[in-house]
Amino acid sequence: MRYALARDYLRQRSLSLADIAFLLGYQEQSAFTHAFKEWSGVNPGAWRDRD
């Protein structure tokens, strides 16, 4: 569920990665980045740039 929400939030360019991490319930952006990389194989910034 978090992965689906993360992808939706990443499509909203007005949200920063820190904002997205907070919305998904992470205390730190780095924890979100680590989780997203586990799910997708790339970090959230790279995913956003290729979408």
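Right above here is the structure, for reference.
Residues numbered from 1 in each chain as written. Predicted model: local features only at pLDDT ≥ 70, side-chain atom pairs only at ≥ 80, totals over all residues. Heavy atoms only, no water.

Peer 1: With reference to specific residues and values, describe the overall build of the protein chain.
Peer 2: Of the regular secondary structure elements, the protein chain holds four helices and zero strands. What you see in the protein chain, going N to C, is helices and strands ordered as α-α-α-α. Against the compact-globule benchmark of 10 Å for 51 residues, the protein chain has a radius of gyration of 9 Å, which places it among compact chains. Oriented by its inertia axes, the alpha-carbon framework of the protein chain measures out at about 25 × 25 × 20 Å. (Helix = DSSP H or I, 4+ residues; strand = E, 2+ residues; numbered from the N terminus. Rg over C-alpha atoms; globule rule 2.2 N^0.38 Å.)

Peer 1: Any chance you could break down helix α3 (residues 29-40) for me, citing the residues and the numbers?
Peer 2: Over its 12 residues, α3 extends 16 Å from the first C-alpha to the last, a length consistent with the 16 Å expected when each residue adds 1.5 Å. For α3, every residue scored as buried is listed here: Phe32, Ala35 and Phe36. Projected down its long axis, α3 shows its buried positions confined to an angular sector of 100°, all on one face. In α3, those exposed residues whose orientation departs by more than 90 degrees from the buried face are Ser30, His34 and Glu38. Among the structural elements, α1 (2-10), α2 (17-23) and α4 (44-50) are those in contact with the buried residues of α3. One or two positions beyond α3, positive phi appears at Gly41, with a value near 90°. (Expected span 1.5 Å × (residues − 1). Buried < 20%, exposed > 50% of the residue type's maximum accessible area, 1.4 Å probe, protein only. Arc of directions from axis to C-beta. Contact = heavy atoms within 4.5 Å.)

Peer 1: So what's going on with the environment of Thr33? Residues and values would help.
Peer 2: Along the chain, Thr33 turns up in helix α3. Considered as a pair, Thr33 and Arg48 are 15 residues apart in the sequence and their alpha carbons are 12 Å apart. Beyond its immediate stretch of four places on either side in the chain, Thr33 contacts Asn43 and Pro44.

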